[in-house]
Amino acid sequence: DVKVTQSSRYLVKRTGEKVFLECVQDMDHENMFWYRQDPGLGLRLIYFSYDVKMKEKGDIPEGYSVSREKKERFSLILESASTNQTSMYLCASSNTGETQYFGPGTRLLVL
Amino acid sequence: GQNIDQPTEMTATEGAIVQINCTYQTSGFNGLFWYQQHAGEAPTFLSYNVLDGLEEKGRFSSFLSRSKGYSYLLLKELQMKDSASYLCAVRTNQAGTALIFGKGTTLSVSS
């Protein structure tokens, strides 16, 4: 079975803090993705990566950065957290042309 | 622009059949996915269509018409555990292997 894990299920941070969300997949997938999910807006793509050290902006990259130093790990970084970044963050992975598999999600609250 | 439309909410009763529609307008098309998402959980893969026609998988079937930009997910013999959000997602040629998601349809099954 494909397994995608995320470092935290719930996280509470203060405005201005630097926040790291980690995602690890164990299926040697080439592609990894970060989405955020908000009520009424659905899932929106923040960044994705198709190879180690490669990254592409998604639809809403502002305020976020990513890092992929190893194939199995994709990190999402909030440089200076703001209240409008309170959301559910979902990581996914896939091989090219195949289904995306999602992690359990991190529910982030920024106070 | 990219647009994926699906109804916001649907209700049905146990044992019934329900059809959830999805229409899309995207730049390029390289497959349509349906995911199921229970409240507070990650999306899980249900079905994938890339050619026109019906794909059947147990109680769930998915249909695609590329010329009409239209898909539906058919759920038969509804059970209470089918109460969830159903997400329609399109893979285009533009965004690598990333998916564009609709906002989801929340299905409530009552006894």
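Structure first, text after, so check above.
Residues numbered from 1 in each chain as written. Chains lettered and ligands numbered in written order. Predicted model: local features only at pLDDT ≥ 70, side-chain atom pairs only at ≥ 80, totals over all residues. Heavy atoms only, no water.

(A) Inspection of the overall build of chain B at higher detail. Secondary structure assignment for chain B yields 0 helices and 11 strands. Reading chain B from its N terminus to its C terminus gives the helix and strand order β-β-β-β-β-β-β-β-β-β-β. A principal-axis box enclosing the C-alpha atoms of chain B has dimensions of 45 × 30 × 20 Å. Going through the 111 residues of chain B one by one, you find that 49% of them count as buried. Contacts spanning at least 24 positions in sequence make up 56% of the contacts within chain B whose residues lie at least 6 apart. Summed over its atoms, the accessible surface of chain B is roughly 5,300 Å², and 48% of this surface lies on carbon and sulfur atoms. Averaging the coordinates of the 8 positive side-chain charges in chain B and doing the same for the 9 negative ones gives two points 6 Å apart. (Helix = DSSP H or I, 4+ residues; strand = E, 2+ residues; numbered from the N terminus. Buried < 20%, exposed > 50% of the residue type's maximum accessible area, 1.4 Å probe, protein only. Contact = heavy atoms within 4.5 Å. Areas by Shrake-Rupley, 256 points an atom, 1.4 Å probe, with all protein chains shown as cover. Lys, Arg positive; Asp, Glu negative; His and termini not counted. Charge placed at Lys NZ, Arg CZ, Asp CG, Glu CD.)

(B) Inspection of the sheet that holds strand β1 (residues 3-5) of chain B at higher detail. Residue and element names in this part refer to chain B. Taken in spatial order, the 5 strands make up an open sheet running β1-β3-β8-β7-β6, and their pairing is antiparallel. Either end of the sheet is taken by a strand with one partner, and the two such strands are β1 and β6 (53-57). Recorded for the sheet is a direction-independent mean angle of 15° between the axes of neighbouring strands. Sheet analysis places strand β7 (residues 60-65) next to strand β8 (residues 70-75), joined by 6 bridges and oriented antiparallel. By the bridge assignment, Leu 64 is partnered in β8 with Ser 71. (Pairing = 2+ DSSP bridges. Axes fitted to C-alpha atoms, helices over the stretch in contact; angles between N-to-C directions.)

(C) The interface of chain A and chain B, seen in detail. At the junction of the two partners, chain A supplies 23 residues and chain B supplies 16 residues. Of the roughly 1,400 Å² buried between chain A and chain B, counting both surfaces, carbon and sulfur atoms make up 59%. At the boundary of chain A and chain B, one finds 4 residue pairs in polar contact (both at pLDDT 80 or more). Where the side of chain A that touches chain B is concerned, the elements lending two or more residues are β4 (31-38), β5 (42-49) and β9 (87-94) of chain A. Class assignment of the residues belonging to the side of chain A that touches chain B gives a composition of 10 nonpolar, 10 polar and 3 charged. (Buried area = accessible area lost by both parts, 1.4 Å probe. Polar contact = N/O pair within 3.5 Å; in protein donor to acceptor, adjacent residues only side chain to side chain. Nonpolar A, V, L, I, M, F, W, Y, C, P; charged D, E, K, R; others polar.)

(D) Just a nonpolar patch on the surface, in detail. A surface patch of nonpolar side chains, amounting to about 260 Å² of accessible area, comprises A:Val12, A:Leu109 and A:Leu111. Counting through the fold element by element, A:Leu111 comes out in the segment after β11 (106-110). (Patch = residues over 30% accessible without salt bridge, like charges linked within 9 Å, V, L, I, M, F, W, Y side chains within 5 Å. Salt bridge = Lys/Arg side-chain N within 4 Å of Asp/Glu carboxyl O.)

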